[in-house]
Amino acid sequence: MRNRMQAMSVDLDAHRKQAEKWREQGRDALLRWQVHAELERDDLLEQRAIRKKAGRRSLPWLVWIALETIAAFFLVDHPVANFWKGLLVALALPPLVMLCVEAMRALVDFDELQRRIELTALALTGMAAIIALVLLLMLQVLKLPAPPIWYVLLLGSPTHTIARRWAKRRYQ
Amino acid sequence: VNNHVRELRGEYGWSQADLAERLDVSRQTVNAIETGKYDPSLPLAFKIAKLFGGSIESIFVPGEES
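For the structure given in this document, a descriptive report is provided here. Only a predicted model underlies this, so the values are computations on that prediction, with no experimental measurement involved.

1. Things to note about helix α3 (residues 27-34) of chain B
Residues and elements named next belong to chain B.
Now for step 1: Counted residue by residue, α3 has seven buried out of eight residues, so it is predominantly covered.
Now for step 2: Along α3, the residues that are buried comprise Arg-27, Gln-28, Thr-29, Val-30, Ala-32, Ile-33 and Glu-34.
Now for step 3: Just downstream of α3, Gly-36 is the residue with a positive phi angle, here 75°.

Given below as C-alpha cells:
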C-alpha cells in the first residue's frame with residue numbers, strides 16, 4: 001500500500017513537472033509571437049511610410065489621369081476632330097511617365113531586400129498581365145465572348161499584393 | 001552562402017534592430033541574412049565586414065553545393 005502511494009506521488013510529481021514545462025513552453029511561444037508581431041509591425045510601418053510618401057508625390061499625376069479619363073468619356077459621344085482626341089491621348093503620357101518615375105523613386109528608397117521583394121512582385125504581376133492579355137487577345141481573335149481589355153488593369157493591384165506577400169514570405 | 005552574422009552580433013550585444021540601423025537597412029534584411037534566406041549584395045557584405053572588423057570571407061562562408 002505504501003509502495004503504491006509512493007508510486008502515485010512520483011507519478012503526480014512527474015505530471016506536475018510536465019504541466020509546468022508545457023506552461024513555460026506556452027508562455028515562451030506567446031512571448032515569441034508577441035515580439036515577432038511587434039517587429040513585423042515596425043517593419044510594416046517603415047515600408048508604409050515610403051509608400052505613403054510615393055503616394056503623396058503621385059497624387060497630382062493620378063488626378064491628371066482621372067481628369068483625362070473623364071474628358072475621354074465625354075469626348076466619345078461628341079463630334080470632335082481626331083486631332084483633339086489624339087492630343088488627349090498624348091497628354092496622358094506625361095503623368096504616366098511621372099507615375100513610373102515615382103515608382104522608381106520609391107524603389108530606390110527601399111533597402112535592398114525590400115527592393116528585391118518589390119521587383120519580384122512586379123515581375124510576377126507583369127507576367128500575369130502578359131498571360132491575361134494574350135488569353136484575351138486569343139478570345140478576341142477567335143471572336144469568342146471576352147471581357148474588355150482594361151479588366152487586366154483591375155487585376156493588377158490584387159495580383160501585385162499577392163505576389164508581394166509571396167515574395168516576402170520567401171525571405172522570412 | 002552561410003554566415004556568422006548572428007554570432008558576431010551576439011558578441012557585440014546588438015539587437016537585429018541595432019545592427020539594421022548601423023547598416024542602414026531594415027531589420028527584415030538583417031533577419032533574412034542571419035537565417036541564410038538572403039545573400040547580401042557585395043557593398044552590404046563589405047559594410048558588414050567593416051562593421052565587425054573582419055574580412056568578407058571570415059564572415060560569409062560558401063555553402064555546400066548541391
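Past the structure itself, the notes keep going.
2. What to know about unusual backbone geometry
Residues and elements named next belong to chain A.
Now for step 1: For Lys-143, which is not glycine, the phi dihedral falls at a positive 55°.
Now for step 2: By secondary structure assignment, the location of Lys-143 is in the loop between α4 (112-141) and α5 (151-170).
Now for step 3: Here Lys-143 falls in the exposed class, since its relative accessible area comes to 74%.

3. What about the nonpolar core?
Now for step 1: Ranked by size, the top nonpolar core spans 23 residues in total, and within it Val-5, Leu-19, Ile-33, Ile-48, Phe-52, Ile-59 and Phe-60 of chain B carry the most contacts.
Now for step 2: A per-element tally of this core places helix α4 (residues 42-51) of chain B first, with four residues.
Now for step 3: Apart from the residues lying within four places of it in its own chain, the contact partners of Val-5 of chain B are Leu-19, Ile-33, Glu-34, Ile-48, Phe-52, Ile-59 and Phe-60 of chain B.
Now for step 4: Counting residues in each nonpolar core, the second largest holds five residues, with Ile-50, Ala-54, Leu-107 and Phe-110 of chain A among its members.

4. Structural notes on the packing of aromatic side chains
Now for step 1: Here the structure, examined in full by the defined rule, presents seven aromatic pairs over all chains.
Now for step 2: When the centroid spacing of 5.1 Å and the interplanar angle of 75° are considered together, the rings of Phe-83 of chain A and Trp-84 of chain A count as edge-to-face.
Now for step 3: According to the relative accessible area criterion, Trp-84 of chain A is partly exposed, its value standing at 48%.
Now for step 4: With centroids separated by 4.9 Å and ring planes inclined at 65°, the aromatic side chains of Trp-150 of chain A and Tyr-151 of chain A adopt a geometry described as edge-to-face.
Now for step 5: The exposure class of Tyr-151 of chain A is partly exposed, given its relative accessible area of 39%.
Now for step 6: An aromatic cluster is defined as three or more aromatic residues linked by ring pairs; in this entry it consists of Tyr-12, Trp-14 and Phe-52 of chain B.
Now for step 7: Lying over the aromatic face of Trp-14 of chain B, Arg-22 of chain B brings its terminal NZ or CZ to 4.1 Å of the ring centre.

Quick notes on the rules
- Residues numbered from 1 in each chain as written.
- Chains lettered and ligands numbered in written order.
- Predicted model: local features only at pLDDT ≥ 70, side-chain atom pairs only at ≥ 80, totals over all residues.
- Heavy atoms only, no water.
- Buried < 20%, exposed > 50% of the residue type's maximum accessible area, 1.4 Å probe, protein only.
- Helix = DSSP H or I, 4+ residues; strand = E, 2+ residues; numbered from the N terminus.
- Core = buried A, V, L, I, M, F, W, Y, C linked by side-chain atoms within 4.5 Å.
- Contact = heavy atoms within 4.5 Å.
- Phe/Tyr/Trp six-rings, centres within 6.5 Å; stacked < 30°, edge-to-face > 60°.
- Lys NZ or Arg CZ within 6 Å of the ring centre and 35° of its normal.

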